[in-house]
Amino acid sequence: MLTLFRHCRIATCDDHSHVFDHGAVVVRDDVIEWVGEEHDLPAGLRADRTIELAGRWLTPGLIDCHTHLVFAGQRAAEFARRTSGTSYADIAREGGGILSTVRATRAASEDELVEQGRPRLRSLLAEGVTTVEIKSGYGLELQTEARMLCAARRLEAEHPVTVSTSLLAAHALPPEFEGRADEYIDTVCSDWLPELAVRVDAVDAYCEDIAFSATQCDRLFGAARALGLPVRLHTEQLSNVGGSQVAARHGALSCDHLEYATEADALALARAGTVAVMLPVAFYALAEKQLPPIDAFRRHGVPLAVASDCNPGSAPGASLLLAMNMARRLFGLTSEEVLLGVTRHAARALGLAGQRGSLVPGHGADFAAWSIDSLDELGYWAGFNPCSMAVKDGTVVLERDA
Ligand code: NIG
Ligand code: FE
């Protein structure tokens, strides 16, 4: 089946960030075959189907490369405490925070996790998102971590979306291992990783004073890589604990948060080819004051991605468009940086470079069409969604007024 998408303005988000003002895309089944100016279309092209885009902007389908969207319950009471001055770290030290969601998630069935995750996934899909990363990390025991990963796969099977899963067993220390963090990491390395390796696309961890040390993350990453799994890391969110350096040494796909990263960290990430994932919704919801070193990332050529971080604690919400707006307003990213941050660089953060995230021949035919006049409107609107169509693997999966 040959489909022609025509009469659109195209931001390819490829290595050259090509823009076509009178563009067209040819899709064979689920793969992009040709992209360019409409007047250059291959002579004699006979499409089975033509989709008229009436001058709308077409970008790659968006990629949300950092979410925790499978979880049970909510933490609105903690949010109220935080807005009246208690810190996220203090709530975590009292046994709330992540551990509060662990209690709710352990008590939930797989069906309940799917039910509760569904509206959050749908909220992202309505914004032209076609690929989503989903982490475990609210089980902290083998069966519940596995149940979260199964729920993520079921959500993928139910929806027009590619899901990339990360095992985040090293998210917080479970109460059963209190005072025995090294033993917990050893258990994850020797028992859980081999069992869950076939179900996950990557291994993640939280490197922070209130979570795991750089040395513990280093051990975990060694075990993950021995099983052939790529790694990513939450780090330098509340303080600098040396996580970026560990991540860089292991050639991590991404390092996420990074408010407290240094120039030396930026250099290490650049050398390792690691993507720096900006999570401005967490920065905002925690009322953080320390800005990530964006200029150092730019100077050293660290690829920047932007993600929602959808979770019930630090980033309650399920909007990548809001994250894009906040990345511009709070972190000073340009409209081009946020667009690449949710397309090409987000694909790279998931190890999907060359498969998704750019409109080039050979990539999966995932698009978002936008009712906007200018690309500068991406990351400009807050609380308004100008996405009017999404295409997943060559099929129109969303049409809405915008
Ligand atoms: O990305 N930083 C650690 N993990 C999550 C928050 C999880 C939670 O608070 O439930 C984050 O911000
Ligand atoms: Fe996170």
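Reference entry: report on the structure contained in this document. Everything quoted here is computed from the prediction, not taken from an experiment. Sequence order as written defines the numbering, with residues in each chain counted from 1. Working convention: letters from A go to chains and numbers from 1 go to ligands, in the order in which they are written. Local features in this predicted model are restricted to residues whose pLDDT is 70 or higher, and side-chain atom pairs enter the listing and the counts only when it is 80 or higher, whereas totals over whole chains, interfaces and linings include all residues. Processing note: side-chain calculations cover all non-hydrogen atoms of the structure and skip hydrogens and water entirely.

Details of the site of ligand 1
Stated precisely, the cut-off is as follows: If a single non-hydrogen atom of a residue is within 4 Å of a molecule or strand, that residue counts as near it. Distance and chemistry together define a polar contact, namely a pair of N or O atoms within 3.5 Å, with one atom able to donate a hydrogen and the other to accept it when in protein, and with adjacent residues in sequence counting only for side-chain atoms on both sides. The method behind every accessible area is Shrake-Rupley, applied with a 1.4 Å probe, and residues are considered shielded solely by the protein chains displayed.
Every one of the 15 residues lining ligand 1 counts as a neighbour, but R75, Y88, Y138, H171 and S314 are closest to it. H234 places a polar side-chain atom, nitrogen or oxygen, 3.2 Å from an oxygen atom of ligand 1. Here an oxygen atom of ligand 1 sits 2.9 Å away from a polar atom, N or O, in the side chain of H257. Protein coverage of the free-state accessible area of ligand 1, which is 320 Å², stands at 100%.

Some points on the pattern of salt bridges
Working definition: two side chains of opposite charge can pair if their charged atoms are close together. The condition that has to hold: Salt-bridge detection follows one rule: a side-chain nitrogen of Lys or Arg within 4 Å of a carboxyl oxygen of Asp or Glu. Numbered from the N terminus, helices here are DSSP runs of H or I no shorter than four residues, and strands are runs of E no shorter than two. Whether a residue is buried, partly exposed or exposed follows from its accessible area with a 1.4 Å probe, protein chains only, as a fraction of its type maximum: under 20%, in between, or over 50%, in that order.
For the structure shown, the criterion picks out 27 salt bridges. In this structure, E176 engages R106 in a salt bridge whose closest nitrogen and oxygen atoms are separated by 3.0 Å. One end of the pair, E176, is in the loop between β8 (162-170) and α6 (181-196); the other, R106, is in helix α3 (residues 98-106), with 70 residues separating them in the sequence. Note on E176: relative accessible area 39%, which makes it partly exposed. For E115, the salt bridge identified is with R118, shortest N-O distance 3.1 Å. Remark: R118 and E115 occur in helix α4 (residues 110-125); sequence separation between them is three residues, near one turn of the helix. Judged by relative accessible area, E115 falls into the partly exposed class, the value being 47%. Each of the salt bridges in this network shares a partner with another, and the network as a whole consists of E133, K135, D204 and R232.

Here's the deal with the coordination of the iron ion (ligand 2)
To keep it simple, the criterion reads: Counted as donors are the N, O and S atoms within 2.8 Å of the metal, or 3.2 Å for Na, K and Ca, while water is not among the atoms, so some sites may look incomplete.
Taken together, H66 (NE2), H68 (NE2), H234 (NE2) and D309 (OD) make up the protein donors of the iron ion (ligand 2), found 2.0 to 2.5 Å from the metal. All donor residues of the iron ion (ligand 2) come from one chain, and their arrangement in sequence is H-x1-H-x165-H-x74-D. Given a relative accessible area of 0%, H66 falls into the buried group. Taking the relative accessible area as the measure of exposure, H68 reaches 3% and is therefore buried.

Some thoughts on the pairing of strand β5 (residues 57-60)
When a strand is regular, its side chains alternate between the sheet's two faces. Stated formally: DSSP bridges decide pairing: two strands pair if at least two such bridges lie between them.
Of the strand pairs in this sheet, strand β1 (residues 2-11) and β5 are connected by two bridges, and their pairing is parallel. Residue R9 lies in a different strand from β5, and its bridge partner there is W57. Looking at chain direction, β5 and strand β14 (residues 367-370) are connected through four bridges and run antiparallel. Paired with T59 across the strands is A368, a residue of β14.

Here we look at the sheet that holds strand β6 (residues 62-64)
Put simply, the test is: Orientation is described by axes fitted as lines to C-alpha atoms, over the contacting stretch for helices, and by angles from 0 to 180 degrees between their N-to-C directions. By definition in these notes, contact holds between two residues if any of their heavy atoms fall within 4.5 Å.
An order of β6-β7-β8-β9-β10-β11-β12-β13 is seen for the eight strands of this open sheet, with the pairing classed as parallel. Of all strands in the sheet, those bounded by a partner on one side alone are β6 and β13 (304-306). Going from strand to strand, the sheet's axes swing by 25° on average, the running direction of each strand aside. Sheet topology note: the strand β7 (residues 129-135)/β8 ladder contains five bridges and is parallel. Within β8, the position partnered with I134 by the bridge is T165. Sheet strands touched by α6: β8 and β9 (202-207). Its angle to β8, the strand with the most contacts, is close to 150°.

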